[in-house]
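Structural description and commentary
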Amino acid sequence: MLGYLKKKQMLHFRVTLILVVCVVLYIAGATAQESDTLGEKGTVHGYITDTTPAQLPIVGVRVQIDNGKGQIFEATSAETGEFVYRDIPADDYLINIHKSGYQSRNGKPVSVTNGGTHYVPLTMNKKENIFAGLQNWISPKEPQGGTLQLQVTTQSPQSVPIENAEVEIKQLRDDEGDTSNNIQITGTSDANGRYRRDNLPSGAYFVNVDKDGYHTTFSMTVRENRMTTAAVKLPISNGTADINVLPSQETDTKWVIRGKIFETDFQQTPVSRVKVNIRGRNLKHPKNALSNADGEYEFGLLPGHYSIFLFKVKYEDAIGLPEVTAASRQSSVTVIKEGMFVVYEAVAKGNVLELKHGISKEQKSFFSFFENEMTIQETLFSTIIAGIFSWAFQAFTRYLNRHQRSLNERRRNLHKRQRQQYLNER
């Protein structure tokens with residue numbers, strides 16, 4: 001009996017010892033892993049400019065780099081608009097920028113890697129001053145053009161600039177819907193892969209980018225005295241086609257368009273019940289879908305050219321224009337509109353086109369109705385005409401009232417005379 005108890009105690013001791021050793025090893029491994037992670041650091045830097053074609057630097061912008069886990073790293077932009085934060089732990093972050101007099105921008109994503117230097121260009125819009133808005137309403141300025149800017153590179157991770165990529169810009173339609181005088185401009189990217197066009201009339205444009213048989217098509221919207229930029233990535237290696245990713249000549253392969261819609265805010269909140277309308281030459285009738293609770297939608301389509309429209313009450317309407325063809329099987333494009341962070345992104349891989357749409361809530365100023373619907377001269381003319389009609393209506397109403405009172409008085413007098421005559425006859 002005594003031997004049995006000793007054996008049981010020894011077994012219990014061994015089990016306890018094994019458990020203690022396992023716990024110690026686990027804690028040591030976790031500590032080492034955490035130490036290794038903390039040792040992985042990188043640098044985030046970039047320039048902050050306004051959204052005018054001049055791209056003026058903005059000084060004193062508060063930059064917050066947030067990993068969403070309670071760690072926020074802050075920096076401030078210098079006179080050149082540059083901001084730098086070194087030795088930031090490797091992780092996924094969202095960048096927010098704030099400055100008085102400018103619209104805050106939230107949710108620019110960046111992934112920091114060990115020893116990496118990550119360039120993040122940012123832009124901001126000036127807030128509308130009510131006095132400036134009143135002045136522009138009373139004395140409207142002559143319409144000014146906007147700017148489109150492209151950055152054409154190879155696909156990540158190298159992102160080498162692509163020189164002499166052919167760029168074609170076509171205006172969709174003018175304000176009256178007439179397409180006879182549409183603008184059509186061609187050009188090529190420079191040695192840095194950049195292409196820029198200034199003084200374009202406000203409106204929507206198709207942009208085609210071609211190089212060595214690869215191409216992509218998308219839409220960009222021009223607004224007065226604003227810059228819209230796009231980053232285009234093609235599977236080209238040092239200006240020549242990548243033989244490992246040759247364009248396919250298939251024409252009957254089914255394509256899948258899979259999209260996700262989110263708000264252009266810090267959290268990039270998915271937006272549900274957005275009406276998604278897709279149109280194309282291959283479709284007799286437009287296809288419609290509603291985004292689900294995760295902001296996602298999906299279509300199965302044949303290769304072709306399609307337009308995608310997004311509609312939701314209290315949100316700005318959005319249009320994305322990917323070209324679903326075999327020649328764009330590996331291309332990608334990101335469009336950034338007026339200082340907003342990614343508002344449109346399309347990545348084609350195989351027969352699946354992954355889309356991301358950012359949509360913004362409507363922000364209408366006090367003067368927006370008058371600015372969009374009529375000029376000050378038209379407003380004054382309409383007010384005068386309305387005043388004349390109002391005076392004429394009131395005068396006519398007073399005339400009818402007087403005439404009715406006169407008729408009533410005559411009827412009363414006639415009734416009195418008839419009654420008096422009746423009494424006299426009796």
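Residues numbered from 1 in each chain as written. Predicted model: local features only at pLDDT ≥ 70, side-chain atom pairs only at ≥ 80, totals over all residues. Heavy atoms only, no water.

When helices and strands are tallied, the protein chain shows four helices and 27 strands. Split into buried and exposed, the 426 residues of the protein chain put 34% on the buried side. Taking contacts inside the protein chain between residues at least 6 apart in sequence as the whole, the part at least 24 apart equals 62%. Total accessible area on the protein chain stands at roughly 26300 Å², and carbon and sulfur atoms take up 53% of it. (Helix = DSSP H or I, 4+ residues; strand = E, 2+ residues; numbered from the N terminus. Buried < 20%, exposed > 50% of the residue type's maximum accessible area, 1.4 Å probe, protein only. Contact = heavy atoms within 4.5 Å. Areas by Shrake-Rupley, 256 points an atom, 1.4 Å probe, with all protein chains shown as cover.)

On to the sheet that holds strand β3 (residues 72-76). The strands making up a sheet are joined through hydrogen bonds of the backbone, oriented either antiparallel or parallel. Strand order across the open sheet formed by four strands is β3-β2-β5-β6, with antiparallel pairing between neighbours. Bordering the open sheet on either side are β3 and β6 (105-112), each of which pairs with just one other strand. Strand-to-strand, the axes of this sheet are offset by a mean angle of 25°, without reference to chain direction. Where strand β2 (residues 62-66) lies against β3, five bridges are found, and the strand directions are antiparallel. (Pairing = 2+ DSSP bridges. Axes fitted to C-alpha atoms, helices over the stretch in contact; angles between N-to-C directions.)

Here we come to the nonpolar core. Ranked by internal contacts, the top residues of the largest apolar core, which has 46 residues, are Leu150, Val209, Phe218 and Ile257. Among the elements that take part in this core, strand β14 (residues 214-222) stands out by supplying four residues, more than any other. If we ignore the near neighbours within four places in the chain, the residues touching Leu150 are Val167, Gly193, Arg194, Tyr195, Val207, Val209, Phe218, Met220 and Ala230. In this structure, Val61, Phe73, Tyr93 and Leu122 belong to the second largest nonpolar core, which totals 20 residues. (Core = buried A, V, L, I, M, F, W, Y, C linked by side-chain atoms within 4.5 Å.)

Let's shift gears to the packing of aromatic side chains. Taken as a whole and assessed by the stated rule, the structure comprises four aromatic pairs. Grouped by ring-pair contacts, the aromatic residues Phe73, Tyr85 and Tyr93 constitute a single cluster. Above the face of the Phe309 ring, Arg279 is positioned so that its terminal group lies 4.1 Å from the ring centre. (Phe/Tyr/Trp six-rings, centres within 6.5 Å; stacked < 30°, edge-to-face > 60°. Lys NZ or Arg CZ within 6 Å of the ring centre and 35° of its normal.)

Here the focus is the pattern of salt bridges. Side-chain pairing between opposite charges can occur once the charged atoms of the two side chains come close. In the structure shown here, the tally under the stated rule is eight salt bridges. Note that Glu298 and Arg258 form a salt bridge whose closest N and O atoms lie 3.0 Å from each other. A residue pair is termed long-range when its members are at least 10 positions apart, and Glu298 in strand β21 (residues 296-301) and Arg258 in strand β18 (residues 255-263) qualify at 40 residues. Between Arg258 and Glu354 there is a salt bridge, with the nearest N and O atoms lying 3.2 Å from each other. Here Arg258 is found in strand β18, whereas its partner Glu354 is found in strand β27 (residues 352-359), with 96 residues between them in sequence. The network of salt bridges with common partners includes Arg258, Glu298 and Glu354. (Salt bridge = Lys/Arg side-chain N within 4 Å of Asp/Glu carboxyl O.)

Spatially, β11-β10-β13-β14 is the arrangement adopted by the four strands of the open sheet, whose pairing is antiparallel. Looking at the sheet topology across the chains shown, the edges are occupied by β11 (184-188) and β14. Each neighbouring strand pair of the sheet contributes to a mean axis angle of 20°, computed without reference to strand direction.

Extensive coverage of β2 is indicated by the burial of four of its five residues. Hairpin remark: β2 followed by β3, antiparallel, with five residues in the connecting loop; positive phi at Gly68, about 75°. Looking at chain direction, β2 and strand β5 (residues 91-98) are connected through five bridges and run antiparallel. Among the inter-strand pairings, Gln64 is bridged to a residue of β5, identified as Asn96.

A few words now on the side chain of Ser332. As for its placement among the helices and strands, Ser332 is situated in strand β25 (residues 332-337). On the basis of relative accessibility, which here comes to 11%, the residue Ser332 falls in the buried class.

In short, geometric facts, not functional conclusions.
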